[in-house]
Amino acid sequence: MSARHVIVGSGIAGLSAAEAIRERDASGAVTIVSREPHPFYSRPGLAYLLSGDLPERRLSIRTPAELRALHLERVHGDATCIDVERHALHLADGRQLAYDRLLLATGASSIAPTFEGAGLDGVVRLDGLDDARRILAHARRGHTAVVIGGGSTALELVDGLHARGLATHYLMRGDRYWARVLDEVESELVERRLERAGVVLHRRTEVRAAVGSAGRLEAVETLRGERIACDLLAVAVGVQPMLELARAAGLHTARGVLTDEFLQTSAPDVFAAGDVAQALDPATGESALDTLWASAQAMGRTAGRNMAGAREPHRKRPPLNVTRIAGITTTIVGSVGGADDPDLLTLTRGQSERWTTSTAEWTLRQSSTDDRIRVLVGPSSIVGAVVMGDQSLSRPLARLIAEQVDVSALRPALEAHPGAGIAMLTEFVHARERGAHAHPA
Amino acid sequence: MRAGLPRDGQRLHLLRRGVVAAEPGRCVQCGICAHSCPTGIDIRRYSRAGRPVHDRRCILCGACVARCPRGTLRLELPESLESRR
């Protein structure tokens, strides 16, 4: 009998798993169960749907022909319970799906606000396509928006609402933007851009209550006693893995669903991948969470192959994300350190827990009005980097970090002339690339 | 236009022999590249697979390179692609 593969979740981890299963198993059944009825779409692309850079039809990430070739069954429904003994998934409408192998790829969802009036129409969060549509509908008839929270999602909302012509206020609890990951100079670069564009920043304040009438938002009141009239309040204070199914089934969980290096959970034949999975990295013995798209995709592929009979470990690469914040292309890779960030209760989307642990011994920095490079150097190799604006060094730096290239030969010169660190590193990178040209592997 | 476009000295050479190349680890398949292509190439498919855009319709205008919000695409010479293999 051919194998029955059931995947819960239609994000990039679920889709990548389905494709990987199909590569190894041409005849088995592959069923994807999801709450969302939409065709597979790019979740990070929602930021560009909001800003008007992209029409909705462009968000689909597979063509109809590609999907037909996969022979998937899509089930629209709410998975409520996994019977791990009987190998069956139960849905809210009473249906049952028997499985030989099950993948949990339920993703992460944004944390709901708890202030008074949080349930008013006009208080929004950005998780999926339906949220983006709702935000755009509000934006079309609104004039003023307030955004709270941190990380890249908060700024995607700020950018999008501002681009749609709304007067936009961004409220920060702390002194500066995304202190969890950026240093003071980098935060300032972003804040200056926002202010120049006309976004109103409010620091060291927070929403006390959302107020309105007839169920509809009319204003926010802050702890400092201000009242800002608004039609839209967007909340992005962090995301959490969706653990309900795993917990109800008795799977081992911590911050996410715990898996071994093969992405197997504590239940037989149940795997986990993507934002919901907290996978063991045998190289470090640690199980870090991340909400990175590339990581979800890679985990989905490995889980899919293993569900279809392979036994391959998931190899974690240095966490990397490139994002556009306040119009500045920003690459964050490796471990870059960080400070307390009262605007984020957990991870934002597109972040890794591994970013904020740092083993750096010293830091090289270079800034100009629009660009910024910060490179974290460990005992013998580069451990992390933040590159904002000009991206010419971001790829070579990501390679040096991934390959743990020994840069200790540079150390005496760097210590003698710390101000010239980035220039020396640039020359080192160019010399390496000339070497690669001269001796193609 | 700084997002991956070459300096002047290389430009002529690139326009004659260059190709749009993708780094799939940066791509989130948002589709802005395909949306901005004036000749209608589905650049996202190339980017997803990490393949250079070998398509007769590509006029090397650089629109996809400049508009990709994640710095995924670059104009490259075939020999520099070879050396990265």
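Computed from a predicted model, the values in this text were never measured in an experiment.

## Things to note about the overall build of chain B
Each helix and strand in chain B was counted, giving 5 helices and 2 strands. Scanning chain B from its N terminus toward the C terminus, one meets helices and strands in the order α-β-α-α-α-β-α. Restricting the contact set of chain B to residue pairs at least 6 apart, pairs at least 24 apart contribute 67%.

## Overview of the overall build of chain A
Helix and strand counts for chain A stand at 11 helices and 26 strands. For 441 residues, the compact-globule formula gives about 22 Å, and the C-alpha radius of gyration of chain A, at 23 Å, lands near that figure. For chain A, the spread of C-alpha atoms along the principal axes amounts to about 70 × 65 × 40 Å. Residues classed as buried in chain A amount to 47% of the 441 residues present. Sequence-distant contacts in chain A: of pairs separated by 6 or more residues, those separated by 24 or more amount to 64%.

## With respect to the domain arrangement of chain A
The extent of an interface is frequently quoted as the accessible surface area lost upon association of the parts. Residues and elements named next belong to chain A. According to the domain assignment, chain A consists of domain 1 (4–109 + 240–307), domain 2 (111–239) and domain 3 (320–438). Relative placement of domain 2 and domain 3: their C-alpha centres are 30 Å apart. With 27 residues of domain 2 at the interface, the matching set in domain 3 holds 28 residues. Those elements that place two or more of their residues in the side of domain 2 that touches domain 3 are α5 (151–163) and α6 (184–197). Per-element tally for the side of domain 2 that touches domain 3: the top contributor is α6, with 6 residues. Of the residues that constitute the side of domain 2 that touches domain 3, the class distribution is 14 nonpolar, 7 polar and 6 charged.

## So, the pairing of strand β5 (residues 88–91) of chain A
Residues and elements named next belong to chain A. One ladder, built from 4 bridges, connects strand β4 (residues 79–83) with β5; its direction is antiparallel. Within β5, the residue paired with Asp83 across the bridge is Ala88. Following β4, the chain reverses through 4 residues before pairing antiparallel with β5; His87 in that reversal takes a positive phi of roughly 55°. Sheet topology places β5 next to strand β6 (residues 96–98); 3 bridges connect them, and they run antiparallel. Counterpart to Ala88 in the pairing with β6 is Ala98.

## Some details on the pairing of strand β25 (residues 372–377) of chain A
All names here are of chain A. With 6 of 6 residues buried, β25 is to be regarded as a mostly interior element. Here β25 shows two buried faces, one formed by Arg372, Arg374 and Leu376 and the other by Ile373, Val375 and Val377. Pairing between strand β24 (residues 362–367) and β25: 6 bridges, direction antiparallel. Paired with Arg365 across the bridge in β25 is Arg374.

## Brief notes about helix α1 (residues 12–24) of chain A
All names here are of chain A. When the terminal C-alpha atoms of α1 are compared, their 19 Å separation across 13 residues agrees well with the 18 Å that a helix rising 1.5 Å per residue should span. Listed in full, the buried residues belonging to α1 are Ile12, Ala13, Gly14, Leu15, Ser16, Ala17, Ala18, Ala20 and Ile21. Looking at the buried residues of α1, the elements they touch are β1 (4–8), β2 (29–34), α3 (64–70), β3 (72–76), β7 (101–104) and α8 (293–307).

## Focus on the sheet that holds strand β22 (residues 320–325) of chain A
Residues and elements named next belong to chain A. Overall, antiparallel pairing links the 5 strands, which are arranged β22-β23-β26-β25-β24 in an open sheet. Whereas interior strands pair on both sides, the edge strands pair on one side only; in this sheet they are β22 and β24. Each strand axis lies, on average, 10° off the axis of its neighbour in the sheet, ignoring direction.

## Overview of the environment of His143 of chain A
Residues and elements named next belong to chain A. In this fold, His143 is placed in the loop between α4 (129–141) and β10 (144–149). Residues His143 and Leu161, 18 residues apart in the sequence, show an inter-C-alpha distance of 9.7 Å. Excluding its chain neighbours within four sequence positions, the residues that come into contact with His143 are Leu166, Ala167 and Asp231.

## Things to note about unusual backbone geometry
Residues and elements named next belong to chain A. Even without a glycine there, the phi angle at His71 is positive, about 50°. Turning to its location among the elements, His71 is positioned in the loop between α3 and β3. Unlike most non-glycine residues, His87 shows phi in positive territory, near 55°. Checked against the element boundaries, His87 lands in the loop between β4 and β5.

## Let's talk about the sheet that holds strand β14 (residues 216–222) of chain A
Residues and elements named next belong to chain A. An order of β13-β14-β15 is seen for the 3 strands of this open sheet, with the pairing classed as antiparallel. Two strands bound the open sheet, and with one partner strand each, they are β13 (207–213) and β15 (227–229). For this sheet the average axis-to-axis angle between neighbouring strands, irrespective of direction, equals 30°.

## With respect to the environment of Ser287 of chain A
Residues and elements named next belong to chain A. Mapped onto the fold, Ser287 is located in strand β21 (residues 286–287). The spacing of Ser287 and Gln391 is 104 residues in sequence and 30 Å in space, taken between C-alpha atoms. Setting aside residues up to four positions removed in sequence, Ser287 forms contacts with Leu258, Gln278, Ala279, Leu280 and Asp281.

Calculation notes
Residues numbered from 1 in each chain as written. Chains lettered and ligands numbered in written order. Predicted model: local features only at pLDDT ≥ 70, side-chain atom pairs only at ≥ 80, totals over all residues. Helix = DSSP H or I, 4+ residues; strand = E, 2+ residues; numbered from the N terminus. Contact = placed C-beta atoms within 7 Å. Rg over C-alpha atoms; globule rule 2.2 N^0.38 Å. Buried ≥ 20, exposed ≤ 12 C-beta atoms within 10 Å, placed from the backbone. Domains from an automatic or database assignment. Nonpolar A, V, L, I, M, F, W, Y, C, P; charged D, E, K, R; others polar. Pairing = 2+ DSSP bridges. Expected span 1.5 Å × (residues − 1). Axes fitted to C-alpha atoms, helices over the stretch in contact; angles between N-to-C directions.

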